[in-house]
Amino acid sequence: MTGFRQVSVLAAGNQVELLEELLFLADAQAVTLVDHGDAPIFEPPLGSHPVWPQTQVQALFHDERPESEILSDLATYFQRANLLIELPSHLTIVPDQDWVRISLDQFQPIHIGKFWVKPSWNEDPIPEGLTTLNLDPGLAFGTGMHPTTQLCLEWLSNHQLSGKTVMDFGCGSGILAVAAGCMGASQVTGLDIDPQALIATSHNASLNQLPVQTLLAEDTPSQPFDVVVANILANPLIELSATLTGLTQPGGHIVMAGLLDEQADQVKAAYPSILFDQDVSKDGWTRLSGRRPE
Ligand SMILES: C[S@@+](CC[C@H](N)C(=O)[O-])C[C@H]1O[C@@H](n2cnc3c(N)ncnc32)[C@H](O)[C@@H]1O
């Protein structure tokens, strides 16, 4: 049989980089990092290599090599590097599979508000009455799976955006910018501090044949928008309150997510001129929306 032997070990966050290197030295064919607890990495700092506090590290080795040889190589490398990680006594056999297919299959269509968010390669029939939003998962945040993204998509799908100008501040994958375009916005801008996010946004906009202007945060425009949607964390929302209020046209809407329920009052306090609607919460995350008075 051709297949793989899998070793799975538990590592602390600061051990992961070294561990990965040693596994490849021992001739691992692939190394995967899996969250051991339930600690999603929501927004890694730019240029960082994020790992969870407790990470399950899984490595695949060709199964022509005897199990004892792989384990003994790993023990030697770990010892030389002073890496105190317990190795299992046995490796799991993993049959060879179509890995590309399996990884693509992780991304399935998802129904949020009026949207049917799907990867471009998925050809499942589209449920009647829903608007298709093609979205390829990439290196930027925003596949539609996170409750904060869903809260914003629900707001966008419940509002009349025809002919409106929309700013997606912290656009990530561009999912909200594309959603606004699908809802008929006349001009959509996606802005982010991460250049990778702008590449992902342009890609996803073109998948949906929608024009989306992309800007780096340093080029934040001065003209206001009819709708500003910002799914970033509570602290940036507080720090950026003057910018985000200024970007919202008098009479326009501002929609904010990325804050935990217990942070809602603190964020609202930073926006004294906004007339807020009722907060909406999902899985511990709150969405704030409101209007800037005329
Ligand atoms: C949680 S993701 C949201 C992505 C997408 N809009 C969504 O709703 O799924 C937050 C995004 O905001 C960006 N971001 C964080 N701080 C920012 C800032 N100060 N200015 C602009 N973008 C920022 C991050 O790079 C990231 O792409």
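These numbers come from a predicted model, not from an experiment.

Reading the values: the criteria
Residues numbered from 1 in each chain as written. Predicted model: local features only at pLDDT ≥ 70, side-chain atom pairs only at ≥ 80, totals over all residues. Heavy atoms only, no water. Helix = DSSP H or I, 4+ residues; strand = E, 2+ residues; numbered from the N terminus. Buried < 20%, exposed > 50% of the residue type's maximum accessible area, 1.4 Å probe, protein only. Contact = heavy atoms within 4.5 Å. Areas by Shrake-Rupley, 256 points an atom, 1.4 Å probe, with all protein chains shown as cover. Pairing = 2+ DSSP bridges. Axes fitted to C-alpha atoms, helices over the stretch in contact; angles between N-to-C directions. Parallel < 35°, antiparallel > 145°, perpendicular 65-115°, else oblique. Left-handed = near helix turned anticlockwise from the far one by under 90°. Core = buried A, V, L, I, M, F, W, Y, C linked by side-chain atoms within 4.5 Å. pLDDT = per-residue confidence, 0-100. Polar contact = N/O pair within 3.5 Å; in protein donor to acceptor, adjacent residues only side chain to side chain.

Some remarks on the overall build of the protein
Scanning the protein from terminus to terminus reveals 9 helices and 15 strands. Scored against the burial criterion, the 294 residues of the protein give a buried share of 44%. A separation of at least 24 residues holds for 63% of the contacts in the protein among residues at least 6 apart in sequence. With the model as given, the accessible surface of the protein reaches about 14,600 Å², and the carbon-plus-sulfur share is 52%.

A closer look at the pairing of strand β1 (residues 3–12)
For a regular strand, the rule is simple: side chains alternate between the two faces of the sheet. With 7 of 10 residues buried, β1 is to be regarded as a mostly interior element. Strand direction decides the pairing type here: β1 and strand β3 (residues 54–62), joined by 9 bridges, are antiparallel. Bridge pairing links Ala11 to Thr55 in β3.

Let's talk about the sheet that holds strand β7 (residues 131–134)
As summarised here, the arrangement of the 3 strands in space is β5-β6-β7, forming an open sheet in which the pairing is mixed. On the outer flanks of this sheet lie β5 (110–112) and β7, each paired with one strand and no other. Across the sheet, the axes of successive neighbouring strands diverge by a mean angle of 30°, strand direction being ignored. Pairing of strand β6 (residues 115–118) with β7, which is carried by 4 bridges, proceeds in the parallel orientation. Paired with Trp116 across the strands is Thr132, a residue of β7. Each of β6 and β7 is contacted by helix α5 (residues 175–182), which is oriented at about 145° to β7, the strand it contacts most.

Side note on the packing of helix α4 (residues 147–157) against α5
The contact between α4 and α5 brings their axes to 10 Å, and the two run at 15°. With respect to each other, α4 and α5 are oriented roughly parallel. α4 and α5 meet at a crossing whose hand is right-handed. Residues Thr149, Cys152, Leu153 and Leu156 of α4 form the contact with α5, whose own contacting residues are Ile175, Leu176, Ala179 and Ala180.

Thoughts on the nonpolar core
In terms of nonpolar packing, the biggest core is built from 28 residues, with Phe115, Val117, Leu133, Leu153, Leu161, Ile175 and Leu176 touching the most fellow members. Secondary structure elements with two or more residues in this core: β5, β6, α4, α5, β11 (225–231) and β12 (248–260). Considering every element that reaches this core, the biggest residue donor is α5, with 6 residues.

Concerning the environment of Asp265
Along the polypeptide, Asp265 turns up in helix α9 (residues 264–269). Taking relative accessible area as the criterion, Asp265 reaches 60% and is therefore assigned exposed. With 14 residues separating them in the primary sequence, Asp265 and Asp279 have C-alpha atoms 9.9 Å apart.

Here we look at the packing of helix α1 (residues 16–25) against helix α2 (residues 67–80)
Where α1 meets α2, the closest approach of the two axes is 10 Å, and the angle between their N-to-C directions is 140°. With respect to α2, the element α1 is oriented oblique. The way α1 lies across α2 gives a crossing that is right-handed. For the pair formed by α1 and α2, the contact residues are Leu19, Leu22, Leu23 and Leu25 on the first element and Leu74, Tyr77 and Phe78 on the second.

As for unusual backbone geometry
One non-glycine residue, Asp27, lies in positive phi territory at about 80°. Given a relative accessible area of 44%, Asp27 falls into the partly exposed group. Unusually for a residue other than glycine, Asn82 sits at a positive phi of about 55°. For Asn82, a relative accessible area of 67% puts it in the exposed group.

Description of the confidence of the model for the protein
For the protein, per-residue confidence averages 88 on the pLDDT scale, and residues scoring 70 or more make up 89% of the total. Segment residues 38–44: pLDDT under 50, and 17 contacts once partners within four positions in sequence are set aside and those in other chains are kept.

What about the environment of Asp261?
Here Asp261 shows up in the loop between β12 and α9. On a C-alpha basis, the gap between Asp261 and Asp283 in space is 9.0 Å, while along the polypeptide they are 22 residues apart. Setting aside its immediate chain neighbours within four residues, Asp261 contacts Ser281, Gly284, Trp285 and Thr286. Within the structure, Asp261 has its side chain in polar contact with the side chain of Ser281 (distance 3.1 Å).

Some thoughts on the environment of Gly284
One can find Gly284 in the loop between β14 (280–282) and β15 (285–291). Note: C-alpha distance between Gly284 and Asp261 (23 residues apart in sequence) is 5.6 Å.

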